[in-house]
Amino acid sequence: MDDHLEEQLPTRRKKKRKLRIGRVFFTVLLLGTIAVTAYCYILYKQGKALTAGNEIEPGEFHGDLLDPQDPTTENYLLLGIDNDGSGKYRTDTMMVLSWDQTHGTANLISFMRDIYAQIPGYQSYKLNTAYYLGGVQTAKETISGMFNIPIHHYAVVDFDNFESIMDIAFPKGLEMDVKQEMSEKIGVTLTPGVQRLNGKELLGYARFRADSEGDFGRVNRQQEVIQAVKGELFSVPTILQAPKVAGALDNFITTDLTSKEELTKLLTVLAKRKLDLNTLRIPVEDSYSFRSYQHAGSVIEIDLEKNREAIRSFLTAR
């Protein structure tokens, strides 16, 4: 009997030792999780404390249902608004971002603001007037109706807040290749050359249109800024500051997403460390003409079917 007990003792010691190692591992894992959660929470609160964005009232929003055949692709209506001085806002920037989470791709469509648009419930007018007339829902119905694009979520940013967002997210600025001197009606003076631009300079670069390209050049530069953001998105400093950026965005951007959803989606993108971003401008080449109407002024009249087909091909390409 004693010999039998002696044979069992080493086995029991091994089991006890293994149990202790597992307990230590679990404790370290738990403490690590608590530390990371605390770190994210503190930075998130810091981001909110740094900002006090203007109150935006975009009105009600009803997003489209996800495609059951493609439930991991979500389309976001992105609107940059500007106060016209009367307290009402027009959309200076209108984009749809289609994010395919399965394939890690994002397709960004920019719409020219002077497109002559069929605005539901109103007479046809410039596309940037849709938000002015009926808020985000009218802007959503106008774009989704004209171009056959389902829209699931939205985000609206006041351009008064854009430069602050950029400075918080990228404190060292973003590298841009400025092709010409820019100063007229943008609040800054930019000289030609590759350089890092801060928030105010980036906003000026994206809004400049006092050259022969006009709004077409401005839309191209807006897409360049988005590409530059994407290029810096996966840098270590940006990843470490992600919770703070999410806190700032919570004040500066109005969206149908909750704060938790915003942070989760941002961290999901950063965790993948890869995002292919493709861009398209509407109208596409050889699909538009310029006209003038008494009630709307100078507009861009488009070949609707040609642009719908361009969008369809763009969004379905793999």
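Caption draft 1: Structural detail: the packing of aromatic side chains. For the coordinates displayed, the defined rule picks out seven aromatic pairs. Seen from their ring centres, phenylalanine 111 and phenylalanine 147 are 5.0 Å apart, and the 40° between their planes marks the pair as tilted. Here phenylalanine 147 lies in helix α2 (residues 129-147) and phenylalanine 111 lies in strand β3 (residues 105-111), a separation of 36 residues in the sequence. The two residues phenylalanine 111 and phenylalanine 147 agree in class, both being buried. For the ring pair phenylalanine 159 and phenylalanine 162, a centre distance of 6.4 Å and an interplane angle of 70° mean the geometry is edge-to-face. Highlighted residues: phenylalanine 159 and phenylalanine 162, both in helix α3 (residues 159-169), separated by three residues, approximately one helical turn. Comparing phenylalanine 159 with phenylalanine 162 shows no difference in burial state: the two are buried.

Caption draft 2: Examining the packing of helix α4 (residues 199-207) against helix α5 (residues 214-233) more closely. Direction vectors running N to C along α4 and α5 enclose 145°, while the axes themselves pass 7 Å from each other. Listed contacts from α5 to Leu202, Tyr205, Ala206 and Arg207 of α4 are Arg218, Arg221, Gln222, Glu224 and Val225. Its residues assigned to classes, the contact of α4 with α5 shows four nonpolar, one polar and four charged.

Caption draft 3: Structural context of the nonpolar core. Core analysis: the largest hydrophobic core is formed by 36 residues, its most contacted members being Leu77, Phe111, Tyr131, Phe147 and Ile282. With seven residues, the top contributor of residues to this core is α2. Beyond its immediate stretch of four places on either side in the chain, leucine 77 contacts Met95, Val96, Val136, Ala139, Lys140, Ile143, Ile151, His153, Tyr154 and Ala155. By size, the runner-up hydrophobic cluster in this structure holds 26 residues, among which are Met166, Ala169, Phe170 and Leu249.

Caption draft 4: Broad picture of α3. Those residues of α3 lying buried are Phe159, Asn161, Phe162, Ile165, Met166, Ile168 and Ala169. Taken down its axis, α3 places every buried residue within 160° of arc, on the same side.

Caption draft 5: Broad picture of the pattern of salt bridges. All told, the structure shown has 16 salt bridges when counted by the stated rule. A salt bridge links lysine 140 to aspartate 64; the shortest N-O distance between them is 2.9 Å. Of this pair, lysine 140 sits in helix α2 while aspartate 64 is found in the loop between α1 (2-49) and β1 (73-83), placing the two residues 76 residues apart along the sequence. On the basis of relative accessibility, which here comes to 6%, the residue lysine 140 falls in the buried class. The class for aspartate 64 is partly exposed, based on a relative accessible area of 28%. Measuring nitrogen to oxygen at the nearest pair gives 3.8 Å for the salt bridge that ties lysine 126 to aspartate 114.

Caption draft 6: View of the sheet that holds strand β6 (residues 153-158). Read from one edge of the open sheet, six strands run β9-β6-β1-β2-β3-β10, paired in mixed fashion. Pairing within the sheet leaves two strands with one partner each, and these edge strands are β9 (253-255) and β10 (276-282). Across this sheet, the average inter-strand angle for adjacent strands is 20°, counted without regard to direction. Here seven bridges tie strand β2 (residues 89-100) to β3, and the two strands are oriented antiparallel to one another. The residue bridging aspartate 100 from the neighbouring strand is threonine 105, located in β3.

Caption draft 7: Layout of the packing of α2 against helix α9 (residues 304-316). Contact geometry of α2 with α9 gives a least axis separation of 9 Å together with a crossing angle of 95°. It follows from the interaxial angle that α2 and α9 lie roughly perpendicular. Here Gly145, Met146 and Phe147 of α2 lie close against α9, whose contacting residues are Leu304, Asn307, Arg308 and Ile311. Taken together, the residues that form the contact of α2 with α9 break down as four nonpolar, two polar and one charged.

Caption draft 8: Highlighting the side chain of arginine 281. Checked against the element boundaries, arginine 281 lands in strand β10. Judged by relative accessible area, arginine 281 falls into the buried class, the value being 13%. At 2.9 Å, the side chain of arginine 281 and the backbone oxygen of proline 283 are in polar contact. Within polar-contact distance, the side chain of arginine 281 engages the side chain of glutamate 285 at 3.2 Å. If we ignore the near neighbours within four places in the chain, the residues touching arginine 281 are Ser110, Met112, Phe216, Val219, Asn220, Gln223 and Tyr288.

Cut-offs applied
- Residues numbered from 1 in each chain as written.
- Predicted model: local features only at pLDDT ≥ 70, side-chain atom pairs only at ≥ 80, totals over all residues.
- Heavy atoms only, no water.
- Phe/Tyr/Trp six-rings, centres within 6.5 Å; stacked < 30°, edge-to-face > 60°.
- Helix = DSSP H or I, 4+ residues; strand = E, 2+ residues; numbered from the N terminus.
- Buried < 20%, exposed > 50% of the residue type's maximum accessible area, 1.4 Å probe, protein only.
- Axes fitted to C-alpha atoms, helices over the stretch in contact; angles between N-to-C directions.
- Contact = heavy atoms within 4.5 Å.
- Nonpolar A, V, L, I, M, F, W, Y, C, P; charged D, E, K, R; others polar.
- Core = buried A, V, L, I, M, F, W, Y, C linked by side-chain atoms within 4.5 Å.
- Arc of directions from axis to C-beta.
- Salt bridge = Lys/Arg side-chain N within 4 Å of Asp/Glu carboxyl O.
- Pairing = 2+ DSSP bridges.
- Parallel < 35°, antiparallel > 145°, perpendicular 65-115°, else oblique.
- Polar contact = N/O pair within 3.5 Å; in protein donor to acceptor, adjacent residues only side chain to side chain.

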